Amino acid sequence: MMHQFEREESYICAIISGKGGVGKSLTTINMGAMLNDMGYKVAIIDADLGLANCATMLNETVQATTCQWILNECDLEHICQDINGITLITAADDPQELSIDTSLIMEGLDQVLSTLKKTHDFILIDTPAGAREMSLWALDAAHMGVLVLVDEPSAISDAYRFCKYVFSIDPTYIFGAVVNFTENEKNAHGTIERFNAILAHFLQKECTYLGFIPNHHQVRKAILKQNTLLGINPNNSINQEVEFIIQNFISISNTCKRTKLHLAYVNHKETDPCF
């Protein structure tokens, strides 16, 4: 299915979470695959330094990283890996690369983004968990953040505190939410309603519900097979849920813009003081 219009500029989205293990990379690669299937030109930046796994989840070996490019060990085009029509960029894939100053990595990724914007409709940034430097860089670079939620008290609490921190810097920031590993649509709505009740009570904010990815054997199969849901079975009904997420995501991308407030460059600690 081809998209029916050409975007005037790339739309950048940061996929985030308050804690690890909630399925950010799963969400990222399946959103990317669905957008690609719709005919959009998509890039994914794996910005989880030292713990990058988008390539692994797509059954690929990282060819070169942004850190290697920064160290002049490869050319820029070598870090752009084509995987079934999706451009994948991995920031770092070796613990030794973490010796590079994070500010240099962010500057390098800024240049990568500038290049990708010329040729891609959507750029998805897979981030580390929590309010760390790379997560804040991604949110600052993005037009919106997609928060991955699971129905677990600690995950909800950490997601709230992450949003609280971001809203304290930019009260207008745009968040959407995907509920992951849930049993059904009713449970997904219950999760986002509880989360939004907390946001509304304490911050007078809310997070737009985009959809859910079910806790289903086909999802587990895709993870084990190192493939996307579309990749293992294009006709599986679960893909309808991912398409619903993308339709809502595109709707927001067509109507909502934000002004950069340089989230990544404010004076903050590695761990959010609100945590």
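Only a predicted model underlies this, so the values are computations on that prediction, with no experimental measurement involved.

Asker: Explain the packing of aromatic side chains to me, please; I cannot follow it from the model alone.
Answerer: Working definition: an aromatic ring pair is given by the centre-to-centre distance plus the angle between the planes. Applying the stated rule across the entire model yields seven aromatic pairs. Centre to centre, the rings of Tyr160 and Phe202 are 5.9 Å apart; their planes meet at 50°, and the pair counts as tilted. In this pair, Tyr160 is assigned in helix 6 (residues 153-169) and Phe202 in helix 7 (residues 185-203), connecting sequence segments 42 residues apart. Judged by its relative accessible area of 53%, Phe202 falls in the exposed class. Through successive ring pairs, a cluster of aromatic residues spans Tyr11, Tyr40, Phe122 and Phe249. Cation over ring: Lys205 sits above Phe167, and NZ or CZ is 5.2 Å from the ring centre.

Asker: What am I meant to see in the pairing of strand 6 (residues 144-149) here?
Answerer: Look at any regular strand and the pattern is simple: side chains alternate between the two faces of the sheet. Extensive coverage of strand 6 is indicated by the burial of six of its six residues. Burial along strand 6 is two-sided: the residues Met144, Val146 and Val148 and Gly145, Leu147 and Leu149 are all buried. By the bridge criterion, four bridges tie strand 1 (residues 11-16) to strand 6 in an arrangement that is parallel. What sits directly across from Ala14, in strand 6, is Gly145. Taken together, strand 6, helix 6 and strand 7 (residues 175-182) constitute a β-α-β crossover, and its handedness is right-handed.

Asker: What exactly am I supposed to notice about helix 5 (residues 133-141) here?
Answerer: Since one α-helical turn is 3.6 residues long, residues separated by three or four positions face the same way. A large share of helix 5 lies buried, amounting to eight of its nine residues. Among the residues making up helix 5, those that are buried are Met134, Ser135, Leu136, Trp137, Ala138, Leu139, Asp140 and Ala141. Residues of helix 5 that are buried sit in contact with strand 1, helix 4 (102-116), strand 5 (122-126), strand 6, helix 6 and strand 7.

Asker: Looking at this structure, I do not really get helix 1 (residues 24-37). What am I missing?
Answerer: Between the first and last C-alpha of helix 1 there are 20 Å, a value that for 14 residues agrees with the 20 Å anticipated at 1.5 Å per step. Counting buried positions along helix 1 yields twelve of 14 residues, so the element is predominantly enclosed. When helix 1 is considered as a whole, its buried residues turn out to be Lys24, Ser25, Leu26, Thr27, Thr28, Ile29, Asn30, Met31, Gly32, Ala33, Met34 and Leu35.

Asker: Would you mind showing me how to read the pairing of strand 4 (residues 86-90) here?
Answerer: For strand 4, a buried count of five out of five residues is recorded, marking the element as mostly surrounded by other parts of the structure. The alternating pattern of strand 4 places Ile86, Leu88 and Thr90 and Thr87 and Ile89 on opposite faces, both of which are buried. When strand 2 (residues 42-46) meets strand 4, the two strands line up parallel, connected through four bridges. The residue bridging Ile44 from the neighbouring strand is Leu88, located in strand 4. Bridging between strand 3 (residues 81-83) and strand 4 involves three bridges; their strand directions are antiparallel. The residue of strand 4 that forms the bridge with Ile83 is Ile86. Between strand 3 and the antiparallel strand that follows it, strand 4, lie two residues; Asn84 among them carries a positive phi value of about 55°.

What counts as what
Residues numbered from 1 in each chain as written. Predicted model: local features only at pLDDT ≥ 70, side-chain atom pairs only at ≥ 80, totals over all residues. Heavy atoms only, no water. Phe/Tyr/Trp six-rings, centres within 6.5 Å; stacked < 30°, edge-to-face > 60°. Helix = DSSP H or I, 4+ residues; strand = E, 2+ residues; numbered from the N terminus. Buried < 20%, exposed > 50% of the residue type's maximum accessible area, 1.4 Å probe, protein only. Lys NZ or Arg CZ within 6 Å of the ring centre and 35° of its normal. Pairing = 2+ DSSP bridges. Right-handed = clockwise from strand over helix to strand, strands pointing away. Contact = heavy atoms within 4.5 Å. Expected span 1.5 Å × (residues − 1).

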